[in-house]
Structure formats: structure tokens, C-alpha cells
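# Inside the fold
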Amino acid sequence: KLQDHDEGSIVHMFDSELDQLPEHELLRQLLKKDEIVEARLDAIDWMLKVHGYYNFRDETAYLSVNYLDRFLCSHALPEGKRWLWQLLSVACLSLAAKMEETRAPLLLDLQVLEPKFMFEPKTVQRMELFVMTKLRWRLRVVTPFDFVDYFIAKLQCLNPNVDHFCCLF
Amino acid sequence: MEKLLNWQYKLGKVIGIGAYGIVHRGLNLETNQIVAIKRFYTFDCKNGVPYTTIREISMLIEMYHINIVKLLDVISNTKNEWYIIFEYLDLDLEKYMYIMHQILSGVMYCHKHRIMHQDLTPDNLLIDLNASVVKIADFGMARAFDFPLRAYSPEVVTIWYKAPEILLGSPVYSTAIDVWSVGCIFAKMLMRQNLFAGASKNEHLRKIFSIMGTPNERTWPGVTSLPYYPAGLPEYYPEVISIIFASIFFYFASQEMLCMNPARRISARRALGHAYFKKKKRKEKKEKKMTILDPIEKKKKKMMMMMILDSVSFTFVVVVVMLTDY
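Since the structure is predicted, the reported quantities are computational estimates derived from the model, not experimental observations.

## Concerning the overall build of chain B
Along the backbone of chain B there are ten helices and nine strands. Looking at chain B as a whole, 51% of its 326 residues are labelled buried. Nonlocal contacts in chain B, meaning residues at least 24 apart in sequence, comprise 59% of its contacts between residues at least 6 apart. Carbon and sulfur atoms provide 58% of the accessible area of chain B, an area that totals close to 16,700 Å².

What follows is the structure, given as C-alpha cells:
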């Protein structure tokens, strides 16, 4: 099965990853501000906790943080508004879940583990749309998982014994 | 005609109503281009923006292929109503035989970009009558997949075009489900009716088995332990398909695209490499040779090679670390 998609796909994957590179540089600049670093860590912390609570896939965690970071690069959040950070976290996690999970929880159910602020689904929906616009609707992201899977599959072709190690990933 | 907020498009008559929105004909006032405008529903917002909308937009926005419908824009008005702008195409898929090549090309492109469409039906194929080009549309059910294919939600694809492994409740499935759907569409095009058309899931399975033969452990290892494998089914033998299809091409299609065992089913890429399509392929290759790589493209390729090398060594390091730990 692998041979059917591999070469073309891997080229496309590297191309997409290159397209996402400039944003990393922007983020590095952004993370020099203490306030942003702290708020971002809080946001990620909450997203990962909910991620664990619902037993989401690994990709969902990666995507939600990716959306958060790319949003921060394209839009400056006003200082001191922690509720806005929470709203952003809910929107990013919800978008990632909808991209990856077979079943994403309702927006009210997603806001678990005692967040400091709760939002109406309608508000979250507007934020989702705002985030997507800022990300230029590019929600498909090349993740390290794609590459690891690819190379593991490659190793399997070379040596059938490698099969045993796949369960470790 | 109602005007949209940004004054860029005019809404015309309704040309289609789908489960997730109404499609209008429209006009781009700046370019005078005729477009299709799909409004997506945002009023039921318990779950925010529907996942079908999110997936459709995010997948289509990255796809550039002649046989995939082109997403031009996503816009909203002041009332928070959102619209997706597509290129406009005539909705008709009746006549042309060689469109199969185009359908397969489009499907192959999706699979190459690790996207399973999951809902290929005649309704989701659009045709530009002037240019005789077919385009695959409606990616609301599509999803990205990874190389070791995992369990995905089973409730996808309109039943008549559903592959047997989904109907039998296989927890894991692959791009082969799209190929099965294409096989069914091809059969429909030739016969002007559905090859398999059951009212319920079980009846549909029975119809498939009665024509293709009941699968067993020999033709499809593991099939009898699938959750919905019906017990006590008569053992049908495959019908002489050539009588049904009366054409060599459809003999090929039925044997390889409608192969019950997904592991043995032909891939879109291999199907395109089939003798039937060979002539067309040669012509395309010639055209490809004519295009010269531009410098940016070359630089990208070079960087890519370097990154491949990095990733290879990284993977080896990971494996080595794992080995020492265990």
C-alpha cells in the first residue's frame, strides 16, 4: 500500500512544511515578551489537560498548539485580557478536535476542568471563524507524526523485523 | 439579486441544496466571473462551526488540480453569514466515457496528498461542459490520513457507493474505499443504473455478494471475523461480469476496482496506469517535460533533500534510543 502514495506525498509534505517556516521566526520574536510567554503556557496547559481528559489523539494536541502559535503571529491580543486567551484556547482546541477526532465534544462540554472563564457556544463559534480567517483557512498542518510514520513504514520495507518496534511509537 | 456585504459578489438562483448548505449561482462583480456560492450554516452553534465545513475548506484550500473543484474565497457579511465561493460548473455527469480518466486522476491526487474523500458519488462530481472537464467536489466528509491507517468513523459514504469493508464494519479502512466508489460510479455511467442498489445495509451487501460472489477466507482473509459479516448467507459465485458490463474496460473495472478484498483492490494510481489509459498518460508526460523547473522550485527541492537526510538520521537515532532502553 505504501508505494502507492509515498514519493509524491513526501515531496508535498516537505513543501508544506517549508511554507510554514517563516511563522516560526515570528513566534521566536513574540516569545521574548514575558507576559505572552506566561499566557501562552497557561493556554497550552489547559488545552493539554482537556486533551488528556478526553483522550484525544496526539495529533490533536500538536494541531491546537500550532493553531494557537500561528494565530499569535498573525494577530496581537490586547494586553491584560486573560479571558481572551481562554477563548482562544477553546477555539483552537475545538478546531483541532474537529479536524482530527472522529467525534468532537460539544463546545460547552469541551470547557471542562474549571476554566476561569466559560463562553457561550455562539461566542466560541465566532472565535473559531476569526481564528480560521487569521490562519487563512490552512488547518491542515504537516506534523512530526507524519514523518515518523513515513520513515517507520520505510524501515519496515527494508527489514521486516523492525515491525516489533512500531508498537513503541 | 441580493448583494453581499463586500459588494464583490451577486447572489443568483439556487442551483443545489446539500445537507450542509444551499448553493447559489453568483457573479463576481469585479471580474465578471460566474461562480458557485455555498452558504454554510452557522445558526446551530452548539458545536460551533460544523466539522464538515472546517474540513472541506481546509482541504480544498490546499488543492490545486484540474480535476478538483477550486475554492476561490471564503467571505462573510455583517450578519455573520458565511459563504464559500467555488468556481462554477455545470451539474451533469451523463455522457462522456473518458471522464473516468479525469475522475481517477482527481482521486489519485487526493490520495497522494493523503486525503480520503470518503463520499464519492455522482452528485459530488461536477462537469464543465464547455471544456469537458470533471471535478471532484464536496469534501465535507473528507479527512486526512496517516500512513499506518487507523480506525475512522464508519458512517461515511452514501450507501450505494460504500465499499464492502465499511458495510461489514471493518474498524480500519483505507483509500481503497474511494476506489470502490469510483468503480460503482463507472458502472452506473455505463449501465445508466446502479450496479448495487440495496434499500438497507444488509440488502445492499446481499446484492453485492450476489454479483461479485460471497467473500470467504480464501478470497479475503479475515472477512468472516468482521463485525457485520452476515451468518448463514447463501454462497453466491461471481457472475460472469463481462455479460453484465459488455465491455473490456468494465471487465477491468469490475475485476480490479470492485475487488471485494480492499487489500487486493487496485489503487487509483495503478488503475490510471492500466492499458486503457496508457495512451493518454504518454501525452501528459510529453507536456510535463516541457515545463522547466524555476529556481525557487530548485531551491526547495535541494532543501527538501537536506531535510530528508536529517529526518532519516533522526529516525535512526530514535530507533537506537528505543533499542537501548528496552
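Now, onward.
## A closer look at the pattern of salt bridges
Residues and elements named next belong to chain A. This structure, assessed with the given rule, holds eleven salt bridges over all chains. Between K49 and D45 there is a salt bridge, with its nearest N and O atoms 3.2 Å apart. Of this pair, K49 and D45 both sit in helix 2 (residues 34-53), separated by four residues, roughly a single helical turn. As a salt-bridge pair, K98 and E128 come within 2.9 Å of each other at their nearest N and O atoms. One end of the pair, K98, is in helix 4 (residues 82-100); the other, E128, is in helix 6 (residues 121-134), with 30 residues separating them in the sequence. Comparing K98 with E128 shows no difference in burial state: the two are buried.

## Section: the UniProt feature "binding site: ATP" (unreviewed entry) in chain B
Residue and element names in this part refer to chain B. UniProt tags K38 as "binding site: ATP" (unreviewed entry). Within the secondary structure, K38 is located in strand 3 (residues 34-40). Once residues lying within four places of it in the same chain are set aside, the contact partners of K38 are I22, V23, E56, W82, Y83, I84, F86 and D138. Within polar-contact distance, the side chain of K38 engages the side chain of E56 at 3.0 Å.

## A closer look at the pairing of strand 5 (residues 82-87) of chain B
Residue and element names in this part refer to chain B. Of all six residues in strand 5, six are buried; the element is thus mostly enclosed. Of the two faces of strand 5, both are covered, the one formed by W82, I84 and F86 as well as the one formed by Y83, I85 and E87. Bridge count for strand 3 against strand 5 is six bridges, and the pairing is antiparallel. Residue pairing in the sheet places F40 in a bridge with W82 of strand 5. Connecting strand 4 (residues 71-76) to the antiparallel partner strand 5 that follows it, the hairpin turn spans five residues, and N80 within it adopts a positive phi of roughly 60°.

## Some details on the nonpolar core
A:Y67, A:L88, A:V131, B:M63, B:F139 and B:F196 are the most contacted members of the largest nonpolar core, which has 114 residues in total. Top contributing element to this core by residue count: helix 4 of chain A, with twelve residues. Once residues lying within four places of it in the same chain are set aside, the contact partners of B:M63 are B:I68, B:Y109, B:C110, B:I115 and B:F139.

## Digging into helix 2 (residues 99-112) of chain B
All names here are of chain B. Given a rise of 1.5 Å per residue, 14 residues ought to cover 20 Å, and the 20 Å separating the end C-alpha atoms of helix 2 matches this to within 8%. Among the 14 residues in helix 2, twelve count as buried, and that is most of the element. What helix 2 keeps buried is the set I99, M100, H101, Q102, I103, L104, S105, G106, V107, Y109, C110 and H111. Just downstream of helix 2, R114 is the residue with a positive phi angle, here 55°.

## Quick word on helix 6 of chain A
Residue and element names in this part refer to chain A. Under the 1.5 Å per step criterion, the end-to-end length of helix 6 is 20 Å for 14 residues, consistent within 8% with the ideal 20 Å. Those residues of helix 6 that fall on the buried side of the exposure criterion are P121, V124, Q125, M127, E128, L129, V131 and M132. At the exit of helix 6 stands R136, carrying a positive phi of roughly 55°.

## Regarding the packing of aromatic side chains
Taken as a whole and judged by the stated rule, the model has six aromatic pairs over all chains. Geometrically, the ring pair formed by A:Y53 and A:Y54 is edge-to-face, given 5.0 Å between the ring centres and 80° between the ring planes. Relative to B:W82, the ring of A:W137 has its centre 5.8 Å away and its plane inclined at 70°; by these criteria the two rings are edge-to-face. Residue A:W137 is located in the loop between helix 6 and helix 7 (144-158), and its partner B:W82 is located in strand 5; the two belong to separate chains.

## Observations concerning the side chain of B:E165
Considering the arrangement of structural elements, one finds B:E165 in helix 3 (residues 164-167). When near neighbours in sequence (up to four residues on either side) are disregarded, B:E165 contacts B:S170, B:Y173, B:A176, B:I177, B:W220, B:M260, B:P262 and B:R265.

## A word on the environment of A:C92
Residue and element names in this part refer to chain A. Along the polypeptide, C92 turns up in helix 4. According to the relative accessible area criterion, C92 is buried, its value standing at 0%. Sequence-wise, C92 and V65 are 27 residues apart; in three dimensions their C-alpha atoms are separated by 7.5 Å. Discounting residues that sit within four places of it in the chain, C92 has contacts with M47, S64, Y67, L68 and V131.

## So, the packing of helix 3 (residues 58-74) of chain A against helix 4 of chain A
Residues and elements named next belong to chain A. It is the contact of helix 3 with helix 4, at a shortest axis distance of 8 Å, that shows an interaxial angle of 135°. By the angle class used here, helix 3 and helix 4 are oblique. Crossing hand, helix 3 versus helix 4: right-handed. Touching E59, T60, L63, S64, Y67, L68, F71 and L72 of helix 3 are W85, L88, C92, L93, L95, A96, A97, M99 and E100, all from helix 4. Class assignment of the residues belonging to the contact of helix 3 with helix 4 gives a composition of 13 nonpolar, two polar and two charged.

## Some details on unusual backbone geometry
The phi dihedral of A:E114 falls on the positive side, at around 45°, and the residue is not glycine. Mapped onto the secondary structure, A:E114 falls in the loop between helix 5 (107-110) and helix 6.

## Observations regarding the confidence of the model for chain A
Taken residue by residue, chain A gives an average pLDDT of 83. The fraction at 70 or more is 85%. For chain A, per-element mean pLDDT is lowest for helix 8 (residues 163-166) of chain A, which scores 50, and highest for helix 4 of chain A, which scores 94.

## Examining the packing of helix 4 of chain A against helix 6 of chain A
Residue and element names in this part refer to chain A. As a packed pair, helix 4 and helix 6 sit with axes 9 Å apart at the nearest point and diverge in direction by 75°. It follows from the interaxial angle that helix 4 and helix 6 lie roughly perpendicular. The segment helix 4 lies against helix 6, with L87, L88, V90, A91, C92, S94, L95 and K98 engaging T123, V124, M127, E128, V131 and M132. A breakdown of the residues in the contact of helix 4 with helix 6 according to their chemical character gives ten nonpolar, two polar and two charged.

Thresholds applied
- Per chain, residues are indexed from 1 in the order of the written sequence.
- Throughout, the order in which chains and ligands are written sets their labels, letters from A for the former and numbers from 1 for the latter.
- Only residues with pLDDT of at least 70 get local features here, since the model is predicted, and only at 80 or more are side-chain atom pairs given and counted; chain-wide, interface and lining totals rely on the full set of residues.
- Remark: hydrogens and water are excluded; side-chain values derive from all non-hydrogen atoms of the structure.
- Helix and strand assignments come from DSSP, with helices taken as H or I runs of at least 4 residues and strands as E runs of at least 2, each series counted from the N terminus.
- Categorising residues by exposure relies on relative accessible area from a 1.4 Å probe, with only protein chains included: less than 20% of the type maximum marks a residue as buried, more than 50% marks it as exposed, and the intermediate range marks it as partly exposed.
- For this analysis, residues touch if any pair of their heavy atoms sits within 4.5 Å.
- Here the accessible surface of atoms and residues is derived via Shrake-Rupley with a 1.4 Å probe, and residues count as covered only by protein chains that are part of the display.
- Throughout this description, the term salt bridge denotes a Lys or Arg side-chain nitrogen within 4 Å of a carboxyl oxygen of Asp or Glu.
- UniProt positions are given in the numbering used here, feature names are shortened, and annotations may be inferred rather than shown by experiment.
- Polar contacts, as counted here, are pairs of nitrogen or oxygen atoms within 3.5 Å of one another; within protein the pair requires one atom able to donate a hydrogen and one able to accept it, and residues that are adjacent in sequence qualify only if both atoms are side-chain atoms.
- At least two bridges found by DSSP between two strands is the condition for calling them paired.
- To define a nonpolar core, start from buried Ala, Val, Leu, Ile, Met, Phe, Trp, Tyr and Cys residues and group those joined through side-chain atoms within 4.5 Å.
- In a helix, the anticipated span is given by 1.5 Å times the number of residues less one.
- Stacked, tilted and edge-to-face pairs are distinguished by plane angle, under 30 degrees for stacked and over 60 for edge-to-face with tilted covering the rest, among Phe, Tyr and Trp rings (Trp via its six-membered ring) whose centres lie within 6.5 Å.
- Between N-to-C directions, angles span 0 to 180 degrees; the directions come from axes that are lines fitted to C-alpha atoms, helices contributing only their stretch in contact.
- Our angle categories are set so that under 35 degrees counts as roughly parallel, over 145 as roughly antiparallel, 65 to 115 as roughly perpendicular, and the remainder as oblique.
- Rotating anticlockwise by less than a right angle from the far helix to the near helix defines a left-handed crossing, while the corresponding clockwise rotation defines a right-handed one.
- Any residue outside Ala, Val, Leu, Ile, Met, Phe, Trp, Tyr, Cys, Pro, Asp, Glu, Lys and Arg is labelled polar, Gly included; the first ten of those are nonpolar and the last four are charged.
- pLDDT is defined as a per-residue confidence score from the predictor, taking values between 0 and 100.

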